[in-house]
Amino acid sequence: MGAEWHGDGLDVAGAEFGLWVRDVDYMAGWREAREAADQLNLAFLGAEFEPSELRAVAATAEDGRGLVRLVGTPGAVIRLALLLEERAEGSGGAA
């Protein structure tokens, strides 16, 4: 899976294209995304997903907004989709 799978570093969407903008506070967005990703990762652990198969990763958009990306194996993502579908059906479609 590589080091990126477990990487917790700052990830800016589009950074590989040189889209860093002067005076944009990427760290504030990333910190907010990191908190959300940590909470989601705890929920994944509670649902018995291993970090090596499903993980939320903090990132930022080009404008500094926080993003949370889902990284997972196809099997784990399908399992997550099934869990969400079951939840939606059990609550009449409302999450």
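Residues numbered from 1 in each chain as written. Predicted model: local features only at pLDDT ≥ 70, side-chain atom pairs only at ≥ 80, totals over all residues. Heavy atoms only, no water.

**Quick look at the nonpolar core**
Here's step 1: Within the largest apolar cluster, 7 residues are counted, these being Ala37, Phe44, Phe49, Leu54, Ala56, Ala76 and Leu80.
Here's step 2: Only α1 (26-46), β1 (54-60) and α2 (74-90) provide two or more residues apiece to this core.
Here's step 3: Residues in contact with phenylalanine 49, not counting those within four places in the same chain, are Phe44, Leu54, Ala76, Arg79, Leu80 and Leu83. (Core = buried A, V, L, I, M, F, W, Y, C linked by side-chain atoms within 4.5 Å. Buried < 20%, exposed > 50% of the residue type's maximum accessible area, 1.4 Å probe, protein only. Helix = DSSP H or I, 4+ residues; strand = E, 2+ residues; numbered from the N terminus. Contact = heavy atoms within 4.5 Å.)

**Some details on the pattern of salt bridges**
Two side chains bearing opposite charge may form a pair once their charged atoms approach each other closely.
Here's step 1: Across all of its chains, the model carries 3 salt bridges by this definition.
Here's step 2: The partner of aspartate 38 in a salt bridge is arginine 34, and the shortest N-O contact between them spans 3.0 Å. Of the two residues, aspartate 38 and arginine 34 are both situated in helix α1; the distance of 4 residues between them amounts to about one turn of the helix. (Salt bridge = Lys/Arg side-chain N within 4 Å of Asp/Glu carboxyl O.)

**Thoughts on α1**
Here's step 1: Here α1 is 21 residues long and its end C-alpha atoms lie 30 Å apart, about the 30 Å a rise of 1.5 Å per residue gives.
Here's step 2: Taken together, the buried positions of α1 are occupied by Tyr26, Gly29, Trp30, Ala33, Ala37, Asn41 and Phe44. One side of α1 holds all its buried residues, which, seen down the axis, span an arc of 100°. Exposed residues lying more than 90 degrees from the buried face of α1 are Glu32, Glu35, Gln39, Leu42 and Gly46.
Here's step 3: In this structure, the buried residues of α1 make contact with β1, β2 (66-72) and α2.
Here's step 4: By the N-cap criterion, in which a side-chain oxygen at the helix start approaches the backbone nitrogen of a residue two or three places on, α1 is capped by aspartate 25, the distance to methionine 27 being 3.3 Å.
Here's step 5: Residue glutamate 48 follows α1 closely and has a positive phi angle near 70°. (Expected span 1.5 Å × (residues − 1). Arc of directions from axis to C-beta. Polar contact = N/O pair within 3.5 Å; in protein donor to acceptor, adjacent residues only side chain to side chain.)

**Considerations on the pairing of β1**
Here's step 1: For β1, the buried fraction is high: 7 of the 7 residues fall into the buried class.
Here's step 2: Looking at chain direction, β1 and β2 are connected through 7 bridges and run antiparallel. Within β2, the position partnered with alanine 58 by the bridge is valine 68.
Here's step 3: In sequence, β1 turns back onto β2 through a hairpin of 5 residues, with glycine 64 there showing a positive phi of about 95°. (Pairing = 2+ DSSP bridges.)

**So, the side chain of asparagine 41**
Here's step 1: Its location among the elements puts asparagine 41 in helix α1.
Here's step 2: In this structure asparagine 41 comes out as buried when scored by relative accessible area, which is 12%.
Here's step 3: Setting aside residues no more than four positions away along its own chain, asparagine 41 makes contact with Arg55 and Ala56.

**Observations concerning the confidence of the model for the protein chain**
Here's step 1: In the predicted model, the protein chain carries a mean pLDDT of 83, and 76% of its residues have values of at least 70.
Here's step 2: Within the protein chain, β2 carries the highest mean pLDDT (97), whereas α2 carries the lowest (95).
Here's step 3: For residues 1-7, every residue scores under 50 in pLDDT, and the model assigns this stretch 12 contacts once sequence neighbours within four places are set aside. (pLDDT = per-residue confidence, 0-100.)

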